[in-house]
Amino acid sequence: MTKDIATPIRTKEILTKYGFSFKKSLGQNFLIDTNILHNIVDFAEINENSCAIEIGPGIGALTEQLAKRAKKVVAFEIDQRLLPILEDTLSPYSNVKVIHQDVLKANVREVIQEEFGDQEDIMVVANLPYYVTTPILMKLLEERLPLRGIVVMLQKEVADRMAAGPNTKEYGSLSIAVQYYTEAKTVMTVPKTVFVPQPNVDSAVIRLTRRSKPAVEVIDESFFFEVVRSSFGQRRKTILNNLSHNLSKKLSKEQLLLALEAAEIAPERRGESLSILEFGKLSDSLYKINN
Ligand code: SAM
């Protein structure tokens, strides 16, 4: 029986056979530890009824573990050189489809419709290319795809920011953006030694469980995110100062004070102390004063 792809020996064999050289610019750090991969698939709760979308299969380390457990796997890979390798390494699995495309340019909704039809249990599971972690996750969330959730490996520092709560130094507009759509939890930290080549930063696995509706109901979603970004402008400043600096074209200081009072938020508080519900309240009272 052939060894799993995600072992140091098999990975080396594959890389040598194809004379593959890593492209740092594509975030190519391949996993060589089967246990970590089993954990990732467990955290994603993949079973024979699940459909999985993978981003960046590399030489197929995670794809193989997904294929063993899921009903079907669809993987987006940007690097043309990996396609013949994947065709070889994944040949034992008939439930995998590799799409040669930059996931940021892909119509993922259409692919879901074509490949999974009316299947209900769809998960994104990936060891993400670190140079585009945030754009990829924000694309998947903002498009409101019919996903059960997302379980991905990424830089620990980014995972910490995504899962952070108020009054921590990691809490910011990225935490709110992610937690607006999902419940976020870092489920595992991962040492550098399980990758080839080893990345420069520590890694973690985050689980994002899609909420049935956003964490807070707001009148105008894009205005809500503008208020959030404006509130975190400069962390040392009070919320009033940040808002008056960043929203001065739309609202006067008097209007800001009225809106803060209506939302029961003291003007001298800092953005990092506001919960997502408070940001929702604040955004709605600013919106009402402005319209
Ligand atoms: N899944 C493999 C593993 O765990 O060993 C490889 C993970 S590696 C961190 C990231 C992979 O994403 C690489 O194969 C890289 O070529 C691919 N990639 C980078 N940017 C991409 C993009 N925009 N769209 C799709 N794949 C991308």
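This one's a predicted model, so the numbers in the text were calculated from it and none came from an experiment.

Caption draft 1: Highlighting the domain arrangement of the protein. Under the domain assignment used here, the protein contains domain 1 (8-210) and domain 2 (221-290). Using only C-alpha atoms to locate each centre, domain 1 and domain 2 end up separated by 35 Å. With both chains or domains summed, domain 1 and domain 2 bury close to 1000 Å², and 63% of this area falls on carbon and sulfur atoms. Counting across the interface, domain 1 meets domain 2 through 1 salt bridge. Across the pair Glu221 and Arg144 runs a salt bridge, and its minimum N-O distance is 2.6 Å.

Caption draft 2: Layout of the UniProt feature "binding site: S-adenosyl-L-methionine" (unreviewed entry) in the protein. With numbering aligned to this structure, UniProt lists the feature "binding site: S-adenosyl-L-methionine" (unreviewed entry) at Asn29, Leu31, Gly56, Glu77, Asp102 and Asn127. Note that Asn29 resides in the loop between helix 1 (8-18) and strand 1 (30-31). Judged by relative accessible area, Asn29 falls into the buried class, the value being 18%. Tracing the sequence through the fold places Glu77 in strand 3 (residues 72-77). Those residues in contact with Glu77, other than ones at most four positions away along the chain, are Gly56, Pro57, Gly58, Leu82, Leu83, Leu86, Val98, Ile99, His100 and Gln101.

Caption draft 3: Highlighting the side chain of Asn95. Secondary-structure assignment places Asn95 in the loop between helix 4 (82-89) and strand 4 (96-100). Residue class for Asn95 comes out buried when judged on its relative accessible area of 17%. From its side chain, Asn95 meets the backbone oxygen of Ala67 in a polar contact 2.9 Å long. In this structure the side chain of Asn95 is engaged in a polar contact, spanning 3.4 Å, whose partner is the backbone oxygen of Lys71. Beyond its immediate chain neighbours, meaning those up to four positions away, Asn95 contacts Ala67, Ala70, Lys71, Lys72 and Val73.

Caption draft 4: Main features of the nonpolar core. Ranked by size, the top nonpolar core spans 64 residues in total, and within it Ile53, Leu137, Ile150, Phe224, Phe279, Leu282 and Leu286 carry the most contacts. The two domains that each donate at least three residues to this core are domain 1 (8-210) and domain 2 (221-290). Among the nonpolar cores identified, the runner-up in size contains 37 residues, and Ala61, Leu66, Val151 and Met188 belong to it.

Caption draft 5: Structural detail: the packing of aromatic side chains. As enumerated under the stated definition, the model contains 11 aromatic pairs in all. Measuring from ring centre to ring centre gives 6.0 Å for Phe20 and Phe30, while their planes differ by 25 degrees; the resulting arrangement is stacked. Within this pair, whereas Phe20 is found in the loop between helix 1 and strand 1, its partner Phe30 is found in strand 1, the two being separated by 10 residues in sequence. Neither Phe20 nor Phe30 differs from the other in exposure class; each is buried. Geometrically, the ring pair formed by Tyr180 and Tyr181 is edge-to-face, given 5.0 Å between the ring centres and 85 degrees between the ring planes.

Caption draft 6: Molecular detail of the packing of helix 9 (residues 221-231) against helix 10 (residues 239-246). Contact geometry of helix 9 with helix 10 gives a least axis separation of 8 Å together with a crossing angle of 115 degrees. The handedness of the crossing between helix 9 and helix 10 is right-handed. In this structure, helix 9 uses Val227, Ser230 and Ser231 to contact helix 10, whose residues at the interface are Ile239, Asn242, Leu243 and Asn246.

Caption draft 7: How the structure looks around the site of the ligand. The full set close to the ligand counts 23 residues, and Gly56, Glu77, Asp102, Asn127 and Tyr131 are the nearest of them. Within the backbone of Pro57, a nitrogen or oxygen atom sits 3.4 Å from a nitrogen atom of the ligand. Separating an oxygen atom of the ligand from a side-chain N or O atom of Glu77 is a distance of 2.6 Å. Across the complex, the protein chains shield 99% of the 600 Å² of accessible surface that the ligand would expose by itself. Those elements that place two or more of their residues in the shell around the ligand are strand 1 and strand 3.

The rules behind the values
Residues numbered from 1 in each chain as written. Predicted model: local features only at pLDDT ≥ 70, side-chain atom pairs only at ≥ 80, totals over all residues. Heavy atoms only, no water. Domains from an automatic or database assignment. Buried area = accessible area lost by both parts, 1.4 Å probe. Salt bridge = Lys/Arg side-chain N within 4 Å of Asp/Glu carboxyl O. UniProt positions renumbered as here; feature names shortened; annotations may be inferred. Helix = DSSP H or I, 4+ residues; strand = E, 2+ residues; numbered from the N terminus. Buried < 20%, exposed > 50% of the residue type's maximum accessible area, 1.4 Å probe, protein only. Contact = heavy atoms within 4.5 Å. Polar contact = N/O pair within 3.5 Å; in protein donor to acceptor, adjacent residues only side chain to side chain. Core = buried A, V, L, I, M, F, W, Y, C linked by side-chain atoms within 4.5 Å. Phe/Tyr/Trp six-rings, centres within 6.5 Å; stacked < 30°, edge-to-face > 60°. Axes fitted to C-alpha atoms, helices over the stretch in contact; angles between N-to-C directions. Left-handed = near helix turned anticlockwise from the far one by under 90°. Near = heavy atom within 4 Å. Areas by Shrake-Rupley, 256 points an atom, 1.4 Å probe, with all protein chains shown as cover.

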